[in-house]
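Structural overview for review
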Amino acid sequence: MKEFIKCYKQMIIVSLAAVIIGVIVGAIDAGFGKILIYLGESRSEHFMKLIFFLPLAGMLLIWIYRKVSKKAMKGMNLVFNVGHGEEDSIPLTLVPLSIIGTWMTHWFGGSAGREGVAVQIGATVSHYIGSRIKIENASRVFLVTGMAAGFAGLFGTPIAACFFALEVLIAGALDYTALLPIIIAAFSSSFTAHLLNLEKFTFKLETKINIDAMFILKLVIIAVIFSFVGRIFSVFLKYAKEKLGNKFEDPIKKIFVVGIILSILFIICGRGRYSGLGTNLINASFNGEHIYEFDWLLKIILTVITLAAGYQGGEVTPLFSIGCSLGVVLANILNMPVEFIAALGYTAVFGSATNTLLAPIFIGAEVFGYEYMPYFFVVCSISYIFNGNKSIYGLQKNIIKAPNKD
């Protein structure tokens with residue numbers, strides 16, 4: 001009886017803590033996301049005035065990290081280390097540093113995402129609160145709870161956020177120990193961010209699907225292509241980080257030199273078309289605007305170089321834009337419904353690059369409609385199978401042995 005009471009007492013405590021975490025993280029996500037949108041609009045309007053300051057912004061960013069918290073420079077790697085029990089704390093300074101760093105990257109024209117910041121915000125806040133609560137496996141439980149809250153608050157996809165937090169630390173394994181607080185925190189965060197008017201991207205698909213042998217064959221082909229592109233992104237990112245790290249011992253020198261190169265590339269390549277999150281490519285893909293055959297490739301190259309140089313941000317929204325713009329190209333080549341294939345690319349490239357399966361399936365359902373979930377399941381599953389267990393998260397552990405590690 002005592003064990004029964006103790007168990008439910010812990011569940012109540014954890015649930016209440018999860019609500020608090022969700023509300024706090026959702027509110028921070030909302031503020032961060034709304035200002036990021038404003039800065040993106042400002043950059044688009046004044047691109048040629050701001051882009052030349054990208055190298056200097058990078059130097060300032062590294063200098064701030066060095067002065068305030070060198071440990072916080074590890075970013076997502078620190079979150080993964082704590083998740084694997086290799087670190088025991090996350091400095092609270094990670095929250096303002098990651099936010100300010102990402103704002104600077106986007107405002108001055110870098111190509112990066114935002115989920116990395118959201119996940120770091122959630123993990124930091126939740127881990128701090130969890131360190132004050134005495135339960136079994138508190139560190140890991142509250143870490144993944146915060147990761148789910150951060151993702152859900154920013155993207156407004158709480159179910160996908162739950163599975164992302166469960167899958168991303170160890171590919172191929174799902175630990176349901178923290179399932180209750182993950183669900184509560186994810187939905188609380190998503191609701192809070194929505195209440196504070198953070199925009200959520202949704203697009204209602206209205207494509208009529210006629211299934212036949214040729215349609216199924218085409219679906220398999222595009223799934224494999226999406227998988228290959230997600231794998232290219234993760235492998236290229238790892239390679240670029242290693243090469244630039246070996247080339248430049250001083251991070252400040254690295255970000256300054258590469259920042260100059262990036263400024264030139266962003267001007268030459270569409271005058272900011274590939275700067276920022278890539279939401280312009282996403283909107284173009286689903287609103288019948290022109291998508292170039294090389295949009296997805298240039299977005300890969302410039303995002304990878306931006307992140308490898310040391311600029312702050314994430315990878316997920318650029319992956320969404322890469323996937324849907326590639327989907328438009330493939331749909332035109334294979335004579336398939338454009339919005340439908342773009343939606344599949346939106347989810348499958350993300351799933352391949354992050355080496356996750358359930359999260360991209362539910363992102364597809366929450367963003368584009370649950371009636372298309374069987375198609376997201378098939379394409380994301382194939383994409384996951386063929387990605388070779390590669391991931392943009394270098395410290396992601398994997399219980400599955402890939403048939404080919406090259």
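Residues numbered from 1 in each chain as written. Predicted model: local features only at pLDDT ≥ 70, side-chain atom pairs only at ≥ 80, totals over all residues. Heavy atoms only, no water.

Where an unreviewed UniProt entry is consulted, the protein appears under the name Voltage gated chloride channel, Clc-type, with the organism given as Clostridium neonatale. Note on the protein: under the UniProt heading Subcellular location (unreviewed entry), the record states "Membrane". (UniProt positions renumbered as here; feature names shortened; annotations may be inferred.)

**Digging into helix α8 (residues 158-168)**
Structurally, the α-helix is built with 3.6 residues per turn, so residues lying three or four positions apart point the same way. Taking burial as the measure, the eleven residues of α8 include ten buried ones, the bulk of the element. Of all the residues in α8, the buried ones are P158, A160, A161, C162, F163, F164, A165, L166, E167 and V168. (Buried < 20%, exposed > 50% of the residue type's maximum accessible area, 1.4 Å probe, protein only. Helix = DSSP H or I, 4+ residues; strand = E, 2+ residues; numbered from the N terminus.)

**A look at the nonpolar core**
Ranked by size, the top nonpolar core spans 137 residues in total, and within it F142, M147, L219, F226, F340 and L344 carry the most contacts. Look past the residues within four positions of M147 in its chain and what remains in contact with it is V79, V119, G122, A123, A165, V168 and L169. (Core = buried A, V, L, I, M, F, W, Y, C linked by side-chain atoms within 4.5 Å. Contact = heavy atoms within 4.5 Å.)

**Some details on the packing of helix α10 (residues 213-247) against helix α14 (residues 316-334)**
Taken N-terminus to C-terminus, the directions of α10 and α14 make an angle of 145°; their axes are 11 Å apart at the nearest point. The two elements α10 and α14 cross, and the hand of that crossing is right-handed. Here K218, I222, I225, F226, V229 and F233 of α10 lie close against α14, whose contacting residues are L319, I322, G323, L326, G327, L330 and L334. (Axes fitted to C-alpha atoms, helices over the stretch in contact; angles between N-to-C directions. Left-handed = near helix turned anticlockwise from the far one by under 90°.)

**Let's talk about the pattern of salt bridges**
One pass over the full model with this rule turns up seven salt bridges. K71 is the salt-bridge partner of E87, the closest N and O atoms lying 3.6 Å from each other. Of this pair, E87 sits in the loop between α4 (76-83) and α5 (94-107) while K71 sits in the loop between α3 (54-68) and α4, placing them 16 residues apart in sequence. By relative accessible area, E87 is classed as buried at 19%. With its nearest N and O atoms 3.7 Å apart, the salt bridge here joins E86 to K397. Taken together, the residues E86 in the loop between α4 and α5 and K397 in strand β2 (residues 397-398) connect sequence positions 311 residues apart. Residue class for K397 comes out partly exposed when judged on its relative accessible area of 37%. The network of salt bridges with shared partners includes K71, K74 and E87. (Salt bridge = Lys/Arg side-chain N within 4 Å of Asp/Glu carboxyl O.)

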